[in-house]
Amino acid sequence: MSTSEELVHWSHEQKCRRAVTSLERNGFTAQYCADPAAAAEYILAGAEDAATVGFGGSMSIVSLGVEQLLREQGKDILNHNSPVFTRDEKMEIMRRQLTCDLFLSGCNALTLNGELVNIDATGNRVAAMFFGPRKVIVVAGRNKLVDGTPHDAVLRVKNWATPPNSKRLSFKTPCCTTGFCSDCNSPDRLCRITTIIDRKPRFTDLHVLVVNADMGF
Ligand code: SF4
């Protein structure tokens with residue numbers, strides 16, 4: 001790592017650690033991870049007693065490469081993101097994710113005050129984040145941090161996460177073309193459910209890993 005990279009890493013570390021402190025104050029189990037490998041290690045350790053593991057469709061989780069490792073350990077993997085599944089099969093997997101032992105998800109935005117902000121179209125991912133699964137591990141790369149309010153976090157999601165997500169999913173939304181949110185009324189609109197988790201949900205063992213690396217979008 002060059003000196004300038006080290007300084008950038010240090011600067012991001014301070015923000016990540018601030019978010020971890022805030023998350024802990026808000027009742028979550030939170031962990032600073034210096035790199036994605038540390039996050040993968042945490043997830044694999046956290047999955048030891050899980051028979052079923054659900055995946056919320058997060059690019060951050062995909063980048064960790066844990067799915068194949070968990071599959072090799074004999075876990076029942078619940079991931080609806082495959083073109084081989086019919087719509088009904090996807091729906092069934094998404095329903096089963098709601099009662100899995102461990103649910104893995106990314107986070108669209110995380111404020112330095114320890115608030116998790118997410119926007120979904122279907123809602124399966126955000127629902128599983130706060131009720132149903134026995135344990136939830138959320139991974140947030142440093143690019144998801146917002147030094148502001150939940151409203152600022154929503155703006156971050158709509159301008160930086162949803163446009164590339166629309167493109168990835170080939171949804172016909174204005175932001176897919178322009179890269180900016182126009183608060184559309186498109187039939188393909190992804191922004192249908194906005195959640196703010198500002199304290200640990202009462203009955204969900206929710207862990208948040210704040211990773212000092214850019215992950216997903
Ligand atoms: S409201 Fe529409 S244009 Fe705005 S981010 Fe969501 S899908 Fe894109």
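Going by the structure above, here's the rest.
The structure presented is a predicted model; accordingly, all values stated were derived computationally and were not measured. (Residues numbered from 1 in each chain as written. Predicted model: local features only at pLDDT ≥ 70, side-chain atom pairs only at ≥ 80, totals over all residues. Heavy atoms only, no water.)

**Quick look at the sheet that holds strand S1 (residues 29-33)**
Strand order in the open sheet formed by six strands is S1-S10-S7-S4-S2-S3, and the pairing between neighbours is parallel. Unpaired on one side and paired on the other, S1 and strand S3 (76-78) mark the two borders of the sheet. Going across the sheet, the axis of each strand differs from the next one's by a mean of 20°, ignoring polarity. The sheet contact formed by strand S2 (residues 52-55) and S3 spans three bridges and is parallel. The residue bridging Gly54 from the neighbouring strand is Leu78, located in S3. Across the sheet, helix H1 (residues 3-25) touches S1 and strand S10 (205-211), and the angle it forms with S1 is around 170°. Against the sheet, helix H5 (residues 87-97) makes contact with S2, S3 and strand S4 (102-106), and its axis sits at roughly 110° relative to S3, the strand it touches most. (Pairing = 2+ DSSP bridges. Helix = DSSP H or I, 4+ residues; strand = E, 2+ residues; numbered from the N terminus. Axes fitted to C-alpha atoms, helices over the stretch in contact; angles between N-to-C directions. Contact = heavy atoms within 4.5 Å.)

**Concerning the site of the ligand**
Residues in close proximity to the ligand include Lys158, Thr162, Thr173, Cys175, Cys181, Ser182, Asp183, Cys184, Arg189, Leu190 and Cys191, which together make up its full environment. Here the shell around the ligand is composed, by residue class, of five nonpolar, three polar and three charged. (Near = heavy atom within 4 Å. Nonpolar A, V, L, I, M, F, W, Y, C, P; charged D, E, K, R; others polar.)

Read these as layout, nothing more, since geometry by itself doesn't imply function.
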